[in-house]
Amino acid sequence: MKVNQVTRCVKHANLKCFKNKKLLILLYFLTLLISCSQDEDALPEPMDNETRVINYFKEIALGFEYGNLSHVTRKWTSDMRVFVSGAPSSELISELDRIIAEINDLATDGFQITVVNDSLQSNYHVFFGRGMDYAEIYPSLSNFVINNSGLFTVSTNSQNQLTRGHMYVDIEREQLNGQKHLLREELTQSLGLAQDSYWYPDSIFQSEWTVVNEYTSIDRELIRLLYHPDMTTGLDEDQVDGVLREILNVE
């Protein structure tokens, strides 16, 4: 059975100061280019709430930010069993429990996340610590952790089912609010909601760096719809549009 592995990174929030004038000029032009890119990714308006949810689902749930996997739906069809390691604070453990409870309440297709104490019983690993310590466990990610304070990796089989994964939160480079944000974002995107967008500033899927530590109503809708009994894996944009409209019209 073919297994694909995808890694998704979150860049460190802090920006370095450039004193060199040439670098400042280059940074200025890069900012202009990024601004243009964001304008092209602007939220299409106007739209009713159903269309808004469907469009955002297709923006976030199809494919991955990195890699060349097809833009189709992917999700866990078995429970996610989380093993925690590293040096998490009590606040982070409480936050993890809170996030898991929120996700479990939204899933209605039988999917649940549980925390296990034995790594051999797990299929998902959450690591709290320094990037270099995480890279010692997963050497292939050594280059990714240098400039990223959070990332996740998931494996998917030929049926587009997510089967295993791991993530880390850098507790050295980020303050507590940033740590909590990264924990929520990386764990949520590991569900199969793996894309970023500029559309909604307060969304957990916002491309720009934020320290949002709550799901917006549309974030909850995306989780709920992906883990609805009628949502299956491997659906492309047209197929998922039809399924979403059926789910939302019945409700």
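Summary of the structure given here. Since the model is a prediction, treat every value here as computed from it, not as a measurement.

Note that Tyr227 resides in the loop between helix H6 (217–226) and helix H7 (237–250). Judged by relative accessible area, Tyr227 falls into the buried class, the value being 0%. Along the chain, Tyr227 and Ala107 lie 120 residues apart, while their C-alpha atoms are 4.9 Å from each other. Those residues in contact with Tyr227 that lie beyond four places of it in its chain are Lys75, Trp76, Ala107, Thr108, Asp109, Phe111 and Leu191.

This paragraph deals with the pattern of salt bridges. According to the stated counting rule, one finds 13 salt bridges in the structure shown. A salt bridge links Glu50 to Arg245; the nearest nitrogen and oxygen atoms lie 3.2 Å apart. Placement of the pair is Glu50 in helix H2 (residues 49–61) and Arg245 in helix H7, with a sequence separation of 195 residues. Residue classification places Glu50 among the partly exposed positions, given a relative accessible area of 24%. Note that Glu95 is salt-bridged to Arg98, the shortest N-O span being 2.9 Å.

What follows covers the nonpolar core. Across soluble globular proteins, nonpolar side chains have a tendency to be buried as a group. Judged by nonpolar contacts, the single largest core of 54 residues is most densely connected at Phe57, Met80, Ile103, Phe111, Tyr124, Leu187 and Met231. If we skip the residues at most four places from it in the chain, Phe57 touches Leu62, Thr73, Leu222, Leu225, Leu226, Met231, Val240 and Leu244. Core analysis: the second largest hydrophobic core is formed by eight residues, Phe127, Tyr138, Val145 and Tyr168 among them.

Glancing now at the packing of aromatic side chains. Enumeration over the complete set of coordinates arrives at eight aromatic pairs. Taking the centre distance of 5.8 Å and the plane angle of 25 degrees together, the rings of Tyr56 and Trp199 count as stacked. Within this pair, whereas Tyr56 is found in helix H2, its partner Trp199 is found in the loop between helix H5 (176–189) and H6, the two being separated by 143 residues in sequence. Exposure class is identical for Tyr56 and Trp199. Each is buried. One aromatic cluster is present, built from ring pairs that chain together Tyr56, Trp199, Tyr200 and Phe205. The aromatic ring of Tyr227 is capped on one face by Lys75, whose charged end is 5.2 Å from the ring centroid. Over the ring of Tyr215 we find Arg184, and its NZ or CZ is 4.4 Å from the ring centre.

What counts, and at which threshold
- Residues numbered from 1 in each chain as written.
- Predicted model: local features only at pLDDT ≥ 70, side-chain atom pairs only at ≥ 80, totals over all residues.
- Heavy atoms only, no water.
- Helix = DSSP H or I, 4+ residues; strand = E, 2+ residues; numbered from the N terminus.
- Buried < 20%, exposed > 50% of the residue type's maximum accessible area, 1.4 Å probe, protein only.
- Contact = heavy atoms within 4.5 Å.
- Salt bridge = Lys/Arg side-chain N within 4 Å of Asp/Glu carboxyl O.
- Core = buried A, V, L, I, M, F, W, Y, C linked by side-chain atoms within 4.5 Å.
- Phe/Tyr/Trp six-rings, centres within 6.5 Å; stacked < 30°, edge-to-face > 60°.
- Lys NZ or Arg CZ within 6 Å of the ring centre and 35° of its normal.

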